[in-house]
Amino acid sequence: MAGKRTFTMIKPDAMEAGNAGAIIKMIQEAGFKISAMKMTKLSEETAGQFYAVHKERPFYKDLTTYMSSGPIIAMILEKDNAVEDFRKLIGATNPADAAEGTIRKLFAKSIEANAVHGSDADDTALNEGNFFFAKTEQF
Ligand code: GDP
């Protein structure tokens, strides 16, 4: 059975552009409950740990520099079929390929500065949520 939780970040480009409020509104209107939320800034090292799975990719260094370039908002979101439904709401990694009406189509600037993160599976959602939030911060 698909899990009820996913993890997201509003990335530095969307924060800088003042789009956090609009993005959170879309998330809530799509039926996701916010189970945890914080605004924070990643160090390059912490960004590297979060994206460790991409260590061997050519864009890893650019990605960790970008993700530590400004504050982000991290959230755990709850909904039936959360991971898959959230990936549909945000759209493809590259905004040029993202479907009309998706968060990345509306707000992303590039394949790297693509406005939001969304977990790709139930186990990563759990790990990513626990990376940012203590149990006492998850509701
Ligand atoms: P996601 O699951 O849609 O976020 O995509 P991935 O897990 O494949 O990649 C993680 C993040 O790395 C993306 O959200 C982008 O911010 C960035 N990224 C992915 N592909 C590229 C790329 O080809 N070039 C650059 N510069 N960044 C990328």
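So, here is what we can say about the structure in this document. (Residues numbered from 1 in each chain as written. Predicted model: local features only at pLDDT ≥ 70, side-chain atom pairs only at ≥ 80, totals over all residues. Heavy atoms only, no water.)

Focus: the site of the ligand
Phase 1: Every residue close to the ligand is listed here: Lys-11, His-54, Phe-59, Leu-63, Arg-87, Thr-93, Arg-104, Ile-111, Glu-112 and Asn-114.
Phase 2: In the model, an oxygen atom of the ligand is placed 3.1 Å from a nitrogen or oxygen of the His-54 side chain.
Phase 3: One nitrogen or oxygen atom from the side chain of Arg-87 is found 2.8 Å from an oxygen atom belonging to the ligand.
Phase 4: For the ligand, whose unbound accessible area comes to 550 Å², protein coverage reaches 80%. (Near = heavy atom within 4 Å. Polar contact = N/O pair within 3.5 Å; in protein donor to acceptor, adjacent residues only side chain to side chain. Areas by Shrake-Rupley, 256 points an atom, 1.4 Å probe, with all protein chains shown as cover.)

Notes on the sheet that holds strand 1 (residues 5–10)
Phase 1: Taken in spatial order, the four strands of this open sheet run 2-3-1-4, and their pairing is antiparallel. Two strands close off the open sheet at either side, each with one partner strand: strand 2 (33–40) and strand 4 (116–118). Each strand of the sheet is rotated relative to its neighbour by a mean of 15°, with strand direction disregarded.
Phase 2: Relative to strand 4, strand 1 is paired through three bridges, and the arrangement is antiparallel. When the sheet's bridge partners are listed, Ile-10 is paired in strand 4 with Val-116. (Pairing = 2+ DSSP bridges. Helix = DSSP H or I, 4+ residues; strand = E, 2+ residues; numbered from the N terminus. Axes fitted to C-alpha atoms, helices over the stretch in contact; angles between N-to-C directions.)

A closer look at the pairing of strand 3 (residues 72–78)
Phase 1: Along strand 3, six of the seven residues are buried, which leaves the element largely enclosed by surrounding structure.
Phase 2: Direction of pairing for strand 1 relative to strand 3: antiparallel, over a ladder of six bridges. Bridge pairing in strand 3 places Arg-5 opposite Glu-78.
Phase 3: Summarising the sheet, strand 2 and strand 3 pair through seven bridges and their orientation is antiparallel. Among the inter-strand pairings, Lys-38 is bridged to a residue of strand 3, identified as Ala-74. (Buried < 20%, exposed > 50% of the residue type's maximum accessible area, 1.4 Å probe, protein only.)

Some points on the environment of Ala-20
Phase 1: Its location among the elements puts Ala-20 in helix 2 (residues 20–29).
Phase 2: Residue Ala-20 is classed as buried on the basis of its relative accessible area of 14%.
Phase 3: Not counting residues up to four positions away in its chain, the partners in contact with Ala-20 are Ile-10, Ala-14, Met-15 and Ile-73. (Contact = heavy atoms within 4.5 Å.)

Remarks on the pattern of salt bridges
Phase 1: Counted according to the given criterion, the structure contains eight salt bridges.
Phase 2: Between Glu-137 and Lys-38 there is a salt bridge; the shortest N-O distance is 3.5 Å. Here the residue Glu-137 occupies a position in the segment after helix 7 (122–132), and Lys-38 occupies one in strand 2, the gap between them amounting to 99 residues.
Phase 3: The class for Lys-38 is partly exposed, based on a relative accessible area of 24%.
Phase 4: A salt bridge links Asp-85 to Lys-79; its shortest N-O distance comes to 2.6 Å. (Salt bridge = Lys/Arg side-chain N within 4 Å of Asp/Glu carboxyl O.)

A closer look at the side chain of Thr-6
Phase 1: Within the fold, Thr-6 resides in strand 1.
Phase 2: Leaving out residues up to four positions away in the same chain, Thr-6 has contacts with Phe-32, Met-75, Ile-76, Leu-77, Ala-82, Val-83, Phe-86, Ser-119 and Ala-125.

Points about the environment of Ala-47
Phase 1: Mapping Ala-47 onto the fold places it in helix 3 (residues 44–50).
Phase 2: Take Ala-47: its relative accessible area is 0%, and that puts it in the buried class.
Phase 3: Sequence spacing of Ala-47 and Lys-61 is 14 residues, and the spatial spacing of their C-alpha atoms is 9.9 Å.
Phase 4: Sequence-distant contacts of Ala-47, that is, excluding residues within four places in its chain, are made with Leu-42, Thr-64 and Met-67.

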